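# Structural characterization, general
Given next are the chains, with one letter for each unit.
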Amino acid sequence: MRSTPVKRPTIADVARRAGVSKGAVSYALNGQPGVSEATRQRILAIAAEIGFSPSSAARALSGATANAVGLALCRPARILGIEPFFMELISGVEAELSARSYALTLQVVADQEAEIAVYRRWWAERRVDGVFVCDLRTDDRRIPALEELQLPAVVIGGPGHTGSLTSVWSDDAAALVETVEYLVALGHRRIARVGGLPSLLHTEIRTDAFGEVCRRLGLDEAVTVWSDYTGEEGARATRRLLSSANRPTAVIYDNDVMAIAGLSVAQEMGLAVPGDLSIVAWDDSPLCQLVHPPLTALGRDIPAYGAHAARQLLAVIAGEPVAGLQDETAHLTPRGSTAPPRQR
């Protein structure tokens with residue numbers, strides 16, 4: 001939570017840390033004579049550490065803002081192009097930003113280190129006034145890096161593990177418990193889950209909730225297998241589950257793309273959905289209603305989720321007091337892909 005607008009690093013900050021004059025910093029940053037090589041290297045290192053770039057000095061002096069926020073995503077571009085969740089999230093973010101004359105800068109990165117480097121460059125070059133952080137990890141290196149930079153940020157995810165950064169999140173555990181209880185009420189006892197990337201916090205939250213509710217309900221054969229949200233991996237995981245000696249009668253998927261792939265595999269293997277296998281998808285989308293049978297799904301207003309995150313970030317940038325926001329919990333919409341299991 002912040003109560004005053006964030007102060008970007010200045011040439012005076014570099015000078016104070018280095019114990020030299022602002023003139024010496026200027027000489028060092030511009031490659032001019034007047035300082036020793038050792039001092040120059042120390043000044044350059046300090047400037048990089050606090051996110052100050054000489055190319056942004058004039059902009060910093062003028063107090064200008066970028067009127068843009070950033071979103072760096074550590075996901076393969078091919079996945080982003082087919083996963084409705086991120087497209088809907090970005091549409092909600094864009095709707096809120098455009099109403100406030102802000103732009104969204106989007107970049108795909110290879111890993112967290114590359115993402116942190118992008119944040120440092122954006123902040124140093126005055127490219128953005130703040131950033132969104134997605135795909136939170138339990139021990140996420142991006143959080144302390146952003147705190148050190150004092151770069152305004154909102155984490156889309158949680159709860160917890162966000163340090164001093166504010167967040168917008170949804171109760172995934174409650175949604176998963178509702179789903180398992182629904183399937184048990186239909187008569188299912190062998191329930192499996194095809195999870196997303198196990199390193200992500202929301203995957204861990206779902207996994208823990210799945211394990212706890214299955215133990216509480218006495219579902220000894222419940223199992224989670226991991227995937228990467230792609231149709232290919234979702235299909236591969238489904239094939240392994242359905243080829244086992246004691247195959248599940250219901251499968252919960254961590255996104256709609258994997259659920260649709262799982263439906264295709266079940267039909268390819270001659271299993272009737274929902275007679276032989278019930279399927280539930282996370283993050284309802286139009287895709288879930290275009291297949292046959294249409295998929296039972298956990299859904300929420302994802303564009304609104306993105307708009308709420310954008311509103312939070314603009315408030316942080318403005319220096320307003322901002323608390324974390326728990327958004328709506330995903331609700332279950334039963335459709336044709338779930339039914340009582342066929343007796344075997």
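Everything in this summary refers to the structure shown in the same document. Being a predicted model, the structure only gives us computed values, none of them experimental. (Residues numbered from 1 in each chain as written. Predicted model: local features only at pLDDT ≥ 70, side-chain atom pairs only at ≥ 80, totals over all residues. Heavy atoms only, no water.)

What follows concerns the overall build of the chain. Scanning the chain for helices and strands turns up 14 helices and 12 strands. Viewed in the frame of its principal axes, the chain has a C-alpha envelope of about 85 × 40 × 35 Å. Put simply, the chain has 344 residues, and 54% of those count as buried. For the chain, contacts bridging at least 24 residues in sequence account for 73% of all contacts bridging at least 6. The average position of the 34 basic charges and that of the 39 acidic charges among the side chains of the chain differ by 4 Å. (Helix = DSSP H or I, 4+ residues; strand = E, 2+ residues; numbered from the N terminus. Buried < 20%, exposed > 50% of the residue type's maximum accessible area, 1.4 Å probe, protein only. Contact = heavy atoms within 4.5 Å. Lys, Arg positive; Asp, Glu negative; His and termini not counted. Charge placed at Lys NZ, Arg CZ, Asp CG, Glu CD.)

Turning our eyes to something else, we now look at the packing of helix H2 (residues 22-29) against helix H3 (residues 37-50). Each pair of packed helices can be summarised by the angle the axes make with each other and by the distance between the axes. Interaxial distance between H2 and H3 falls to 9 Å at its minimum, and their mutual angle equals 90 degrees. When the interaxial angle is binned, H2 and H3 end up roughly perpendicular. Across from Ala-24, Val-25, Tyr-27, Ala-28 and Leu-29 in H2, the residues of H3 making contact are Arg-40, Ile-43, Leu-44 and Ala-47. Among the residues making up the contact of H2 with H3, the classes are represented as eight nonpolar, no polar and one charged. (Axes fitted to C-alpha atoms, helices over the stretch in contact; angles between N-to-C directions. Parallel < 35°, antiparallel > 145°, perpendicular 65-115°, else oblique. Nonpolar A, V, L, I, M, F, W, Y, C, P; charged D, E, K, R; others polar.)

Let's shift gears to the pattern of salt bridges. Tallied over the entire structure, the rule returns 18 salt bridges. With its nearest N and O atoms 3.6 Å apart, the salt bridge here joins Asp-254 to Arg-206. Here the residue Asp-254 occupies a position in the loop between strand S8 (250-253) and helix H12 (256-268), and Arg-206 occupies one in helix H10 (residues 201-216), the gap between them amounting to 48 residues. As far as the burial class goes, Asp-254 and Arg-206 line up, both buried. Here Asp-284 and Arg-335 are joined by a salt bridge, their closest N and O atoms 2.7 Å apart. Of this pair, Asp-284 sits in the loop between strand S9 (278-282) and helix H13 (286-290) while Arg-335 is found in the segment after strand S12 (331-333), placing the two residues 51 residues apart along the sequence. Each member of the pair Asp-284 and Arg-335 is classed as buried. A network of salt bridges, in which partner residues are shared, links Asp-172, Arg-193, Arg-206 and Asp-254. (Salt bridge = Lys/Arg side-chain N within 4 Å of Asp/Glu carboxyl O.)

Here the focus is the sheet that holds strand S1 (residues 68-73). Pairing is parallel in the open sheet, where six strands are placed in the order S2-S1-S3-S4-S5-S11. Edge positions in the sheet fall to strand S2 (103-108) and strand S11 (325-326), since each of these pairs with one other strand and no more. Where strand S5 (residues 166-169) meets S11, two bridges bridge the pair, whose relative direction is parallel. Counted as the bridge partner of Val-168 is Leu-325 from S11. With respect to the sheet, helix H6 (residues 84-99) is in contact with S1, S2, strand S3 (130-133) and strand S4 (153-156), its orientation differing from that of S2 by roughly 150 degrees. Here helix H7 (residues 112-124) sits on the sheet and contacts S1, S2 and S3; the angle it forms with S1, its principal contact strand, is near 165 degrees. (Pairing = 2+ DSSP bridges.)

Following Val-273, the chain continues to Pro-274 via a peptide bond in cis, the omega torsion being 15 degrees. Among the secondary structure elements, Pro-274 is positioned in the loop between H12 and S9. Cis geometry is found at the peptide bond from His-292 to Pro-293, where omega equals -5 degrees. The residue Arg-126 is not glycine, and still its phi comes out positive at about 60 degrees. Structurally, Arg-126 is set in the loop between H7 and S3.

Summed over the entire model, instances satisfying the criterion amount to two aromatic pairs. Measuring from ring centre to ring centre gives 5.3 Å for Phe-85 and Phe-86, while their planes differ by 80 degrees; the resulting arrangement is edge-to-face. Across the pair, Phe-86 and Phe-85 agree in class, each one buried. Ring geometry for Tyr-119 versus Trp-122: centroids 6.4 Å apart, planes at 55 degrees, classification tilted. Taken together, the residues span about one helical turn, with Tyr-119 and Trp-122 both in helix H7 at a distance of three residues. For the cation-ring pair, Arg-206 lies above Trp-282, with the distance from its terminal atom to the ring centre recorded as 3.7 Å. In this arrangement the basic side chain of Arg-300 is found over the ring face of Tyr-305, its NZ or CZ atom lying 4.6 Å from the centre. (Phe/Tyr/Trp six-rings, centres within 6.5 Å; stacked < 30°, edge-to-face > 60°. Lys NZ or Arg CZ within 6 Å of the ring centre and 35° of its normal.)

On to H10, then. Helix length check: H10 (16 residues) gives 23 Å between terminal C-alpha atoms against 22 Å at 1.5 Å per residue, within 8%. Those residues of H10 that fall on the buried side of the exposure criterion are Leu-201, Thr-203, Arg-206, Ala-209, Phe-210, Gly-211, Val-213 and Cys-214. In this structure, the buried side of H10 is in contact with helix H9 (172-186), strand S6 (191-195), strand S7 (223-226), S8 and S9. At the C-terminal side of H10, Gly-218 shows a positive phi close to 75 degrees. (Expected span 1.5 Å × (residues − 1).)

Attention now moves to the pairing of S8. The side chains of a regular strand alternate, residue by residue, between the two faces of the sheet. On S8, burial covers both faces: Ala-250 and Ile-252 on one face and Val-251 and Tyr-253 on the other are all buried. In terms of strand pairing, S6 meets S8 through four bridges, oriented parallel. Each residue of the ladder has a partner; that of Val-194, found in S8, is Tyr-253. Direction of pairing for S8 relative to S9: parallel, over a ladder of four bridges. Considered in S9, the bridge of Ile-252 is made with Val-280. Taken together, S8, H12 and S9 form a β-α-β motif whose crossover is right-handed. (Right-handed = clockwise from strand over helix to strand, strands pointing away.)

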